[in-house]
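Below, each chain spelled out in residue letters.
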Amino acid sequence: SGALSAPRARPAAGGLTSVADMEHDEHEGLDEASLREHEEVTKIKNFGAVELGRHVVETWYFSPYPKEFYPGGYADMLYVDEVTLRFYRTRRELQRAAECRRRRAPPGDEIYRDDQLSMFEVDGREHREYCQNLCYFAKLFLDHKTLYFDVDPFLFYVLCEHDERGHHPVGYYSKEKYSEVGYNLACILAFPPFQRKGYGRFLIAFSYALSKREKRVGAPEKPLSDLGHIAYRAYWAAALLQCLKRMPPDQVSTTVMDLSKKTSIMADDVAATLQYLGVARHVDGVPVVWCPPAALDALIEKHPVKPPFVVEEALHWEPFHTDVKRDKFSIRAKRPTSPAAP
């Protein structure tokens, strides 16, 4: 399962606040016995807090780090190197390791950089240890039923803030290298110290920016939880409204398929979002998009595109192209449909 959900509420302890971004929920399909077993394992945390860079963060869930790092079943603190994501029992060990390493950025390819943010594409097969360490760390804040260590089939996109000291990870998402059902995102997390900065929205937007470069439509793994659906619906609504706003004045028709091609949002998600926005109508049994300019402006004010924005010119990435004829999610393989009046 690849459902997205919001973290459970956590009390504000020690000045820490809860992450308001999404997480990956894998409870879908669990029977009652398995769910009880999962809750028994995860209700007791094995670390009280984790230190990452300049931040100390209260953990939320159990993560299956090697048991020698929490003898007796619990440790007050785990120390994680923000560059390698390797983990240590003491700050002294972390400092010694940091003094020995030369790298100041995640492994993989830096495929995006603007004035504040960088994105690194990390292949799970080429950088297995780093990606497994990332899964360990993410599990401290994600309520998975399991943690998969077979990272080879996945690509990890690590978002960093950059400054004169180097690159500092603030969140990530993963996706399968090839998805049979067209998913462009599997798991997503904005790290707790960097909440409320719009990084969750940025990660979603970035996943679609890559889909546009691939000339494919995409979607997050389904089913979405209620809160995950709200987050995605906010992105879909803003993106589709901006697309309608950019239509030439003399263009008098559009279709769900056309909007899907322009935004790389799957047609089913486009149709559902238009229905949610109240601009989908049926005339003589034919679906049409109805949105006069004044109504469009009001909807855009209600569903704005919020920063940080993905800057197209800052993205330096070439997709791996599959056989278009066999790729049912390729925009180039889509046939035109009959127009619907705006």
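Everything here concerns the structure above.
Residue numbers here run from 1 along each chain, matching the order of that chain's written sequence. A pLDDT threshold of at least 70 governs which residues receive local features in this predicted model, and a stricter bar of 80 or more applies before side-chain atom pairs are shown or counted, although totals over entire chains, interfaces and linings include all residues. Where side-chain values are given, they derive from all heavy atoms of the structure, hydrogens and water being excluded.

A. The arrangement of the overall build of the chain in detail. Helical segments are the DSSP runs of H or I of at least four residues, strand segments are the runs of E of at least two, and each set is numbered from the N terminus. For the chain, the helix and strand inventory stands at eight helices and 15 strands. Burial classes: relative accessible area under 20% of the type maximum marks a residue as buried, over 50% as exposed, and values in between as partly exposed (1.4 Å probe, protein chains only). Here the chain holds 342 residues, and 49% of them are scored as buried. Here a residue-residue contact requires only that any non-hydrogen atoms of the pair lie within 4.5 Å. When contacts within the chain are restricted to residue pairs at least 6 apart in sequence, those whose partners lie at least 24 apart make up 66%. All accessible-area figures derive from a Shrake-Rupley calculation using a 1.4 Å probe, and residue coverage is judged against the displayed protein chains alone. As displayed, the chain offers around 17,300 Å² of accessible surface, 52% of which is attributable to carbon and sulfur atoms.

B. Molecular detail of the packing of helix α6 (residues 256–263) against helix α7 (residues 267–277). Note on definitions: angles span 0 to 180 degrees between N-to-C directions of axes, and those axes are lines fitted to C-alpha atoms, for helices only across the stretch in contact. Close contact between α6 and α7 brings their axes to 9 Å; oriented N to C, the two are set at 115 degrees. With respect to α7, the axis of α6 lies roughly perpendicular. Crossing angle aside, the handedness with which α6 passes α7 is right-handed. Every residue of α7 that contacts α6 at V256, L259 and S260 is listed here: A267, V270, A271 and L274. Among the residues making up the contact of α6 with α7, the classes are represented as six nonpolar, one polar and no charged. These descriptions rest on fixed angle ranges, namely under 35 degrees for roughly parallel, over 145 for roughly antiparallel, 65 to 115 for roughly perpendicular, and the rest for oblique. We call a crossing left-handed when the near helix sits turned anticlockwise from the far one by less than a right angle, and right-handed when that turn is clockwise. Residues are grouped as follows: nonpolar covers Ala, Val, Leu, Ile, Met, Phe, Trp, Tyr, Cys and Pro; charged covers Asp, Glu, Lys and Arg; every other residue, Gly included, is treated as polar.

C. Quick peek at the nonpolar core. To form a nonpolar core, buried Ala, Val, Leu, Ile, Met, Phe, Trp, Tyr and Cys residues must be joined to one another through side-chain atoms within 4.5 Å. Within the largest apolar cluster, 82 residues are counted, with the highest numbers of intra-cluster contacts made by Y65, V80, M119, F137, Y157, Y172 and F206. Ignoring any residue separated from it by four or fewer positions in sequence, one finds M119 in contact with D109, E110, I111, Y112, Y157, V158, L159, F202, L203 and F206.

D. Up close: the side chain of D269. Assignment of secondary structure puts D269 in helix α7. Judged by relative accessible area, which is 8%, D269 ranks as buried. Under this definition, polar contacts are N or O atom pairs within 3.5 Å; protein pairs additionally need one hydrogen-donor-capable and one acceptor-capable atom, and for neighbouring residues in sequence, both atoms have to be side-chain atoms. Reaching out from D269, the side chain makes a polar contact with the side chain of K222 at a distance of 3.3 Å. When sequence neighbours within four positions are dropped, the list of residues in contact with D269 reads A219, K222 and W236.

E. Structural detail: the sheet that holds strand β8 (residues 117–123). Whether two strands pair comes down to DSSP finding at least two bridges between them. Strands sit in the order β7-β8-β9-β10-β12 across an open sheet of five strands; the sheet is antiparallel. With one partner strand each, in any of the chains shown, β7 (109–113) and β12 (187–190) form the two edges of the open sheet. For this sheet, the mean inter-axis angle between neighbouring strands, taken without regard to orientation, is 25 degrees. Taken together, the four bridges between strand β10 (residues 166–176) and β12 define a ladder with antiparallel strand orientation. Looking at β12, one finds that S174 is bridged to C187. Each of β7, β8, β9 (154–163), β10 and β12 is contacted by helix α4 (residues 199–214), which is oriented at about 55 degrees to β10, the strand it contacts most.

F. Spotlight on the environment of R103. By the secondary structure assignment, R103 is in the loop between α2 (91–100) and β7. Separated by 63 residues in the primary sequence, R103 and G166 place their C-alpha atoms 8.8 Å from one another. Beyond its immediate stretch of four places on either side in the chain, R103 contacts V83 and T84. Separated by 2.7 Å, the side chain of R103 and the backbone oxygen of A105 make a polar contact.

G. View of helix α8 (residues 293–302). Among the residues of α8, L296, L299 and I300 are the ones counted as buried. Along the axis of α8, the buried positions cluster into a sector of 100 degrees, meaning they face one direction only. Among the exposed residues of α8, those oriented more than 90 degrees off its buried face are A294, E301 and K302. Note: the arc covers the axis-to-C-beta directions of the helix.

H. A look at α7. Of all the residues in α7, the buried ones are D269, V270, T273, L274 and L277. Viewed end-on, α7 has its buried residues packed into an arc of 135 degrees, placing them on one side of the element. Looking at α7, the residues exposed on the side facing more than 90 degrees away from the buried face are D268 and Q275. Positioned one or two residues after α7, G278 has a phi angle of 80 degrees, which is positive.

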